[in-house]
Amino acid sequence: MRIADRGLRYWLPGYLWHLLRPKEKPDSTQPIHLFVCIVDHFEPFNGGVGYEAALKRVKTWVREYPKFADRHLDSDGKPIQHTWFYPPHLDHGFLPDLVNLCKSGYGDIEMHLHHNHMEPFPDTSETLRKKILKCIDDYGKFGIFCQPDGELRFAFIHGDWSLDNSGGEHLCGVTNELTILRECGCYADFTFPCLNISQPAMVNQIYYAFDDILKSKSYNKGVPVSILKKEPKEALMIIQGVIGIRYEVNKKIKTAIDYSDLSLNNNPTVDRFKFWIKNSLSIEGMPNFKFIKLHTHGAPENNWEANFGDKINEGFYYIEEYYNDNEKYILHYVTAREMFNIVKSVESGIKKFTKETRDFKIKNYCYK
């Protein structure tokens, strides 16, 4: 394998440093709270399929996902939460189906922007801002992003991983993207991890990134979120998933690169769940809160098994059996919005989780 094939040159040094750094030990007198989030680059037309095939994909999710989610409840009796990051360049006629899933308690909808798929392109800072604001306005008609006080806030995943022009001019072209996102109401980015040039060197951490408006990939490094540390000004929070090297019995070299993906080629086995738990992210000063963010491209048929099939059922049954005894471990299924809120509550100094923590800063969207 060439180094470039899996993006190792961009994240391996940071990963090795992360492994070597001393880790804070959880307080053994207090339970460990495990927060699990699934973010979905949800693209019904993935693979160039037509409208009827895309419609079938969405209707399958509407029918099958609740059946799957209802089998798996966390300590609050809440089913697995799914966050659909839906691209605004796709048919908005599918949004009501996703909104109904959210209104029924199965997740949230957020923004997934391939701005190279939207005219005009190449983008300038101004045209990108207009695209984001138009998405906010269009989605707001369904109550998406809408706060009870009328404010509009959103989470973000960049198409093709190319946040802040990290993947090149043909995918982004705007080097002050972090600033634009923050000014438009983005509360956090959920793009990473990935296995290419866009992957930040700062791996397996929740941190604040600062924009260098003249430089691509400004988020490559930043300031970790920590308890009782004031949020830095003009910074965007980056919430990543686990990336690393794990033992894989079926591989010739007995190792595999894991970047928290749920896909046809990477079914979420029990062994992978064990790896994610062992390497889960935490906040400085609060090691008893553990964060696992998984990602998927869930719309295509070949990824349905990885999202509501037998393998992922086994994985979730495993964590519900061993990490949800309400004494040593307490399990929580959360949306991207809720994970951000929990991080912010810890940052503010709150060391106790309650049901209200899910809506600590960004309230539940006013879905219509």
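Report on the accompanying structure.

Here we look at the overall build of the protein
(1) Moving on: A tally of regular secondary structure across the protein gives 9 helices and 14 strands.
(2) Moving on: Against the globule reference of 21 Å for 368 residues, the protein gives a C-alpha radius of gyration of 19 Å, in line with a compact fold.
(3) Moving on: Counting only C-alpha atoms, the protein reaches 55 × 50 × 45 Å along its principal axes.
(4) Moving on: The proportion of buried residues among the 368 residues of the protein is 59%.
(5) Moving on: Taking contacts inside the protein between residues at least 6 apart in sequence as the whole, the part at least 24 apart equals 73%.
(6) Moving on: A total accessible area of about 15,700 Å² is found for the protein, and carbon and sulfur atoms account for 52% of it.
(7) Moving on: Between the centroid of the 47 positive side chains of the protein and the centroid of its 48 negative side chains there is a distance of 4 Å.

A word on a nonpolar patch on the surface
(1) Moving on: There is a patch of nonpolar side chains on the surface, built from L16, W17, L19 and L20 and spanning about 480 Å² of accessible area.
(2) Moving on: You can see L19 is positioned in helix α1 (residues 8-20).
(3) Moving on: The exposure class of L19 is partly exposed, given its relative accessible area of 43%.

Describing the pattern of salt bridges
(1) Moving on: Taken as a whole and assessed by the stated rule, the structure comprises 21 salt bridges.
(2) Moving on: A salt bridge links R153 to E151; its shortest N-O distance comes to 3.9 Å.
(3) Moving on: According to the relative accessible area criterion, R153 is buried, its value standing at 16%.
(4) Moving on: The shortest N-O distance in the salt bridge between R337 and E338 comes to 3.9 Å.
(5) Moving on: One salt-bridge network, held together by shared partners, links D74, D76, D108, R337, E338, R358 and D359.

What to know about helix α3 (residues 95-103)
(1) Moving on: Here α3 has its buried residues at L95, D97, L98, V99, L101 and C102.
(2) Moving on: Directly after α3, the chain includes G105, whose backbone phi takes a positive value near 95 degrees.

Some points on helix α8 (residues 310-322)
(1) Moving on: Along its 13 residues, α8 runs 19 Å from first to last C-alpha, staying within 8% of the 18 Å computed at 1.5 Å per residue.
(2) Moving on: Along α8, the residues that are buried comprise I312, N313, G315, F316, Y318, I319 and E320.

As for unusual backbone geometry
(1) Moving on: In this structure, P122 follows F121 across a cis peptide bond, with omega equal to 10 degrees.
(2) Moving on: With respect to the helices and strands, the residue P122 is situated in the loop between β3 (107-113) and α4 (125-140).
(3) Moving on: Residue F192 is joined to P193 through a cis peptide bond whose omega torsion reads 20 degrees.
(4) Moving on: Take P193: it is sitting in the loop between β5 (186-189) and β6 (206-210).
(5) Moving on: Of note, D164 is a non-glycine position whose phi angle comes to about 55 degrees, a positive value.
(6) Moving on: Examined against the element boundaries, D164 turns out to sit in the loop between β4 (154-158) and α5 (177-184).
(7) Moving on: A relative accessible area of 0% means that D164 is categorised as buried.

Some details on the environment of E305
(1) Moving on: Looking at the element boundaries, E305 is found in helix α7 (residues 304-308).
(2) Moving on: Owing to a relative accessible area of 34%, E305 belongs among the partly exposed residues under this scheme.
(3) Moving on: Placed 37 residues apart in sequence, E305 and P268 show a C-alpha to C-alpha distance of 9.5 Å.
(4) Moving on: From its side chain, E305 meets the backbone nitrogen of K311 in a polar contact 3.3 Å long.

Description of the packing of helix α6 (residues 270-278) against α8
(1) Moving on: The N-to-C vectors of α6 and α8 enclose an angle of 50 degrees; their axes lie 8 Å apart at closest approach. By the angle between their axes, α6 is oblique relative to α8. Classified by chirality, the crossing of α8 by α6 is right-handed. Of the residues in α8, those in contact with V270, F273, K274 and I277 of α6 are E314, G315, F316, Y318 and I319.
(2) Moving on: Looking at side-chain class alone, the contact of α6 with α8 contains 6 nonpolar, 1 polar and 2 charged residues.

Details of the pairing of β6
(1) Moving on: With respect to burial, β6 is a largely interior element, 4 of its 5 residues being buried.
(2) Moving on: When β6 meets strand β7 (residues 223-224), the two strands line up antiparallel, connected through 2 bridges. Counted as the bridge partner of Y207 is P224 from β7.

Comments concerning the nonpolar core
(1) Moving on: Counting 104 residues, the largest nonpolar core has I132, F154, F190, F291, F316 and I319 as its most contacted members.
(2) Moving on: The greatest single-element share of this core, amounting to 7 residues, is contributed by strand β1 (residues 32-41).
(3) Moving on: In terms of nonpolar packing, the next biggest core, distinct from the first, is built from 8 residues, L8, Y15, L195 and I243 among them.

A closer look at the packing of aromatic side chains
(1) Moving on: Counted under the stated rule, the structure contains 28 aromatic pairs.
(2) Moving on: Both rings, one in F85 and one in F190, keep their centres 6.2 Å apart while their planes meet at 50 degrees; by these two values the pair is tilted. You can see F85 sitting in strand β2 (residues 82-86) and its partner F190 sitting in the loop between β5 and β6, a full 105 residues away along the chain. Accessibility classification places F85 together with F190 in one group, the buried group.
(3) Moving on: Judged by centre distance (4.7 Å) and plane angle (45 degrees), the rings of Y187 and F340 are tilted. Of this pair, Y187 sits in strand β5 while F340 sits in helix α9 (residues 336-347); the two residues are 153 residues apart in sequence, bridging distant segments of the chain. The exposure classification of Y187 matches that of F340, with both residues buried.
(4) Moving on: Of the aromatic side chains, those joined through ring pairs into one cluster are F42, W61, Y65, F68, W84, Y106, F273, W276, W304, F308, F316 and Y333.
(5) Moving on: Sitting above the plane of the Y365 ring, R337 keeps its charged end 5.9 Å from the centroid.

Procedures and definitions
- Residues numbered from 1 in each chain as written.
- Predicted model: local features only at pLDDT ≥ 70, side-chain atom pairs only at ≥ 80, totals over all residues.
- Heavy atoms only, no water.
- Helix = DSSP H or I, 4+ residues; strand = E, 2+ residues; numbered from the N terminus.
- Rg over C-alpha atoms; globule rule 2.2 N^0.38 Å.
- Buried < 20%, exposed > 50% of the residue type's maximum accessible area, 1.4 Å probe, protein only.
- Contact = heavy atoms within 4.5 Å.
- Areas by Shrake-Rupley, 256 points an atom, 1.4 Å probe, with all protein chains shown as cover.
- Lys, Arg positive; Asp, Glu negative; His and termini not counted.
- Charge placed at Lys NZ, Arg CZ, Asp CG, Glu CD.
- Patch = residues over 30% accessible without salt bridge, like charges linked within 9 Å, V, L, I, M, F, W, Y side chains within 5 Å.
- Salt bridge = Lys/Arg side-chain N within 4 Å of Asp/Glu carboxyl O.
- Expected span 1.5 Å × (residues − 1).
- Polar contact = N/O pair within 3.5 Å; in protein donor to acceptor, adjacent residues only side chain to side chain.
- Axes fitted to C-alpha atoms, helices over the stretch in contact; angles between N-to-C directions.
- Parallel < 35°, antiparallel > 145°, perpendicular 65-115°, else oblique.
- Left-handed = near helix turned anticlockwise from the far one by under 90°.
- Nonpolar A, V, L, I, M, F, W, Y, C, P; charged D, E, K, R; others polar.
- Pairing = 2+ DSSP bridges.
- Core = buried A, V, L, I, M, F, W, Y, C linked by side-chain atoms within 4.5 Å.
- Phe/Tyr/Trp six-rings, centres within 6.5 Å; stacked < 30°, edge-to-face > 60°.
- Lys NZ or Arg CZ within 6 Å of the ring centre and 35° of its normal.

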